[in-house]
Amino acid sequence: MEKGTLIEFRVHGERRLGVADRPEGKKHWIIIDEQGSSHTIHPRQITYEVTGQTYTPSDIPTFFQELEPYIDPSSLEIAWEILVEQGETVSPQEMAMLLFSAKDSHQCYASHLLLCDDKLYFKQKGDRYEPRSPNQVAEIKHQQQVEQQRLQETQEFWNRVKECLAGTVTEWHNSDRPRLDALERLALNGEETSHVTSAFETLATLERPQTASGALELLVDLGVWSPHENLSLRRTQIPTQFPMQVLEVAQQLLNSQPPDDPDTNRLDLTRLKVYTIDDESTREIDDGLSVEFMPDGQQRLWIHIADPTRLLSPGDELDLEARRRTTTVYLPTGIIPMFPSELATGPMSLVEGKLCCALSFAVILDESGQVQDYSIHASTIKPTYRLTYDDVDEMLHLGITAEPEIEALATWTKRRKQWRDSQGAISIYMPESLIKVEEDEIIIKVLDDSPSRQIVAEMMILTGEVAARYGQAHNLALPYRSQPQPELPPAEELLQLPAGAVRSCAMRRYMPRSEVSLTPARHASLALETYTQVTSPIRRYSDLLTHFQIKAHLRGETPPFSTEQMQEMVMSLGPAVKEASKVERETNRYWSLEFLRRHLDQTWQAILLRWLREDSNLGLLLLEELAVELPMRFNRNAQLGERFTVKVAHVDPRQDIIQFQEITDQATEPAFS
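Keep in mind the model is a prediction, meaning the values are calculated, not measured.

Asker: With reference to specific residues and values, describe the domain arrangement of the protein chain.
Answerer: In terms of domains, the protein chain is made up of domain 1 (5-135), domain 2 (136-225), domain 3 (261-587) and domain 4 (599-663). Distance from the C-alpha centre of domain 1 to the C-alpha centre of domain 3: 86 Å.

Asker: Describe in detail empty space enclosed by the protein, supporting the description with residues and values.
Answerer: One pass over the structure, following the stated rule, counts one cavity of 30 Å³ or more. In terms of lining residues, the largest cavity is bounded by Pro479, Arg481, Val516, Thr532, Gln533, Ser542, Asp543 and Thr546.

Asker: Give a detailed account of the packing of aromatic side chains, specifying residues and quantitative values.
Answerer: With the rule as written, the count across this model stands at 13 aromatic pairs. Consider the rings of Tyr48 and Tyr109, whose centres lie 5.3 Å apart with planes at 45°: the pair is tilted. Of this pair, Tyr48 sits in strand 5 (residues 46-50) while Tyr109 is found in helix 4 (residues 105-117), placing the two residues 61 residues apart along the sequence. Pair check on accessibility: Tyr48 and Tyr109 agree, each one buried. Relative to Phe644, the ring of Phe634 has its centre 5.3 Å away and its plane inclined at 85°; by these criteria the two rings are edge-to-face.

Asker: Run through the UniProt feature "domain: RNB" (unreviewed entry) in the protein chain, naming residues and quoting values.
Answerer: Under the UniProt annotation, "domain: RNB" (unreviewed entry) lies at residues 266-556. What you have in residues 266-556 is 32% helix and 25% strand, and the ends, taken at the C-alpha atoms, are 14 Å apart.

Asker: Explain a negative patch on the surface to me, and be specific about the residues and the numbers.
Answerer: On the surface, a cluster of negative charge is contributed by Glu280, Asp390, Asp391, Glu394, Asp448 and Asp449. Tracing the chain through its elements places Asp449 in the loop between strand 18 (441-447) and helix 15 (451-473).

Asker: I'd like to hear about the layout of surface pockets, residue by residue, with values.
Answerer: One number sums up the size of the second largest pocket: a volume of about 340 Å³. Surrounding the second largest pocket, 15 residues form its lining, Pro258, Pro347, Leu355, Cys356 and Cys357 being those nearest its centre.

Asker: Outline the nonpolar core, listing residues and values.
Answerer: Nonpolar side chains in soluble globular proteins generally cluster together in the buried interior. In this structure, Leu289, Leu301, Ile303, Phe361, Ile455, Met459 and Leu462 are the most contacted members of the largest nonpolar core, which totals 37 residues. At the level of elements, strand 9 (275-278), strand 10 (287-293), strand 11 (299-306), strand 14 (356-365), strand 15 (371-381), helix 13 (389-398), helix 14 (404-422) and helix 15 are the ones that each hand at least two residues to this core. A total of nine residues in this core trace back to one element, the largest contributor, which is helix 15. If near-sequence neighbours (up to four positions away) are discounted, Phe361 is found in contact with Leu301, Trp302, Ile303, Ile305, Ser375, Ile376, Thr463, Val466, Ala467 and Val534. Counting residues in each nonpolar core, the second largest holds 36 residues, with Leu269, Ala344, Cys356 and Val570 among its members.

Asker: Lay out the packing of helix 6 (residues 177-189) against helix 8 (residues 212-221) with the relevant residues and their values.
Answerer: For the pair helix 6 and helix 8, interaxial distance at closest approach is 7 Å and the crossing angle is 130°. On the basis of their axis angle, the class for helix 6 and helix 8 is oblique. For helix 6 against helix 8, the interelement crossing comes out left-handed. Taken together, the residues of helix 8 that come into contact with helix 6 (itself represented by Leu180, Leu183, Glu184, Leu186 and Ala187) are Ala212, Ala215, Leu216, Leu218 and Leu219. Per-class residue counts for the contact of helix 6 with helix 8 are nine nonpolar, no polar and one charged.

Asker: An account of a nonpolar patch on the surface is needed here, citing residue identities and associated values.
Answerer: A surface patch of nonpolar side chains, amounting to about 250 Å² of accessible area, comprises Ile78, Ile82 and Leu98. On the secondary structure map, Leu98 appears in helix 3 (residues 92-100). Since its relative accessible area comes to 36%, Leu98 is described here as partly exposed.

Asker: If you had to explain the pairing of strand 25 (residues 657-663) to someone new, which residues and values would you point to?
Answerer: For a regular strand, the rule is simple: side chains alternate between the two faces of the sheet. Sheet topology places strand 24 (residues 643-652) next to strand 25; seven bridges connect them, and they run antiparallel. Among the inter-strand pairings, Val651 is bridged to a residue of strand 25, identified as Ile658. The hairpin turn running from strand 24 into strand 25, its antiparallel successor, is four residues long, and Asp656 in that turn takes a positive phi close to 55°.

Asker: Go over the environment of Phe548 with me, naming the residues and quoting the values.
Answerer: Among the structural elements, Phe548 can be located in helix 18 (residues 541-554). A sequence separation of 239 residues divides Phe548 from Thr309, and the C-alpha atoms of the two residues are 6.9 Å apart. Once residues lying within four places of it in the same chain are set aside, the contact partners of Phe548 are Thr309, Leu312, Ser313, Pro314, Asp319, Pro560 and Phe561.

So, how was this worked out
- Residues numbered from 1 in each chain as written.
- Predicted model: local features only at pLDDT ≥ 70, side-chain atom pairs only at ≥ 80, totals over all residues.
- Heavy atoms only, no water.
- Domains from an automatic or database assignment.
- 1 Å grid on protein atoms, 1.4 Å probe; cavity = no way out; pocket = protein on both sides within 12 Å on 5 of 7 lines; lining within 4 Å.
- Points joined across faces, edges and corners; volume = space filled by probe spheres on them.
- Phe/Tyr/Trp six-rings, centres within 6.5 Å; stacked < 30°, edge-to-face > 60°.
- Helix = DSSP H or I, 4+ residues; strand = E, 2+ residues; numbered from the N terminus.
- Buried < 20%, exposed > 50% of the residue type's maximum accessible area, 1.4 Å probe, protein only.
- UniProt positions renumbered as here; feature names shortened; annotations may be inferred.
- Patch = residues over 30% accessible without salt bridge, like charges linked within 9 Å, V, L, I, M, F, W, Y side chains within 5 Å.
- Areas by Shrake-Rupley, 256 points an atom, 1.4 Å probe, with all protein chains shown as cover.
- Salt bridge = Lys/Arg side-chain N within 4 Å of Asp/Glu carboxyl O.
- Lys, Arg positive; Asp, Glu negative; His and termini not counted.
- Charge placed at Lys NZ, Arg CZ, Asp CG, Glu CD.
- Core = buried A, V, L, I, M, F, W, Y, C linked by side-chain atoms within 4.5 Å.
- Contact = heavy atoms within 4.5 Å.
- Axes fitted to C-alpha atoms, helices over the stretch in contact; angles between N-to-C directions.
- Parallel < 35°, antiparallel > 145°, perpendicular 65-115°, else oblique.
- Left-handed = near helix turned anticlockwise from the far one by under 90°.
- Nonpolar A, V, L, I, M, F, W, Y, C, P; charged D, E, K, R; others polar.
- Pairing = 2+ DSSP bridges.

Below, the structure written as structure tokens:
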């Protein structure tokens, strides 16, 4: 190399031009760039020498200007088409002749730059460049297009984010979903979850905390989630929308005549007065009650259960979707139905004043309340009255003589309950509440253990016993429900506890979970030797299975599900029911805490139910006005059953945290949970 040679060299991977000034040692050269800065360069760092004349550093800007007309990357495509056919490699000098029909210093260096920067048509092999095959070029073009589209979508995403955060209504695109999904995964499962790198990048770009709560806040700000998004529900596999084909089947059933009824000999019970009794907000009406006054003075109880199997068959679209959902999920913000709502609240329900198909259970009880005789029928009924629990309680209180059936139902309820008690039934009453959220208003209603609710509950238990007895007598594969006998504390120990909620809470802890199997067994707390659930086929798939089996047997047909099939379904239903119960429990808890958050200035009457950790004074409270159980840490000795006044000191529904302070006559004493 001679002094004044213009060379291209690299420093930290960056390409630069400079002029050789003088040798440095045996191998290095001192190179001066256009800024006048000197660099000590090893020959390995030199990537090109511009030959033909000598230069000074001040010539470099002019050299670049004279170079610009030759820098046209598109010209390489023509050269590639020529060279790929010949299968020849090319040097920068040869490329200059091919592109410009000349090879002076500017043209040769321009060819060198084009070849070096090209990632599409040529690949370097030593000092020469080899044309890529047509297939390789096509694949690289595709990758470049994909990358270009990705970059464009990314920019458009950031534009939409900016507009949305500025208050503009934004419609998200499908290309935004991967980034939004990553934010959702982070918000739901925390920092340890996988595939959330893009979520961290999004949060970092927006200078927001790279945490689960930061992701949640951003999703709310972007309008992707509501401020009260149900995270518990989102963490599950519970479907919230029906597939289009299921909705189409439902619509066809609504718009056309129902399919042929397999139960051609339905018992006409339209002569009976039928009462449906539910909460005012209930729309899926799946049971009704009648009392038939017999000529011989006896009274026959009729429990009519909605018959959704009239509109579906085992294995069809509606049945499989209901099996997948397993149960209707009841949330304060609304229900997630097992069947499409139009069907569940329409032709599947026992609608007042309309002819309805039902599975009717006729039961005669003896004077003690024990089942004396029963029969089961596919029937046709016409519900007479749609009553609420309050309606029935008022009718009983006033002694309405025009509706003797209501009084008869109350009488048989008492006898039935007394008979079960005599058989060892274990009754545990704990206050419950119904939480509703309507237009962002939270309504908490305490449910009383009223006579009307006792009627419905006792008649449903009776129906479950009759269905199970029928299944057992005819060796049907049904999902029988049983419960092991609990090992309760000695009576004298329980009697030492305050009566009411405290004693019931203590007993509740000893109650084992009920079990479902194909073998009939005793249900301890109900005091029944055999029992199955059959009264909610619109809302529980296990009840629907019982309907399928019993109705087929009543027709003299082989039940649709074999023992093996039923066993498999029973095993699969359990986890789904458990998951739904967990979502209901956690969602009610969230809205309970949110209700308290909105009423921080209010005081509440509470009772200490039991100790959660007595050594650290952590107890379980019952807020009596709300029938809500929550933890509280005391800073004093307290007694089970003690009543006191509390106020919320701090609550965070998202974090499931609440802290109470006890209100005393002398002072406000903080007590934290």
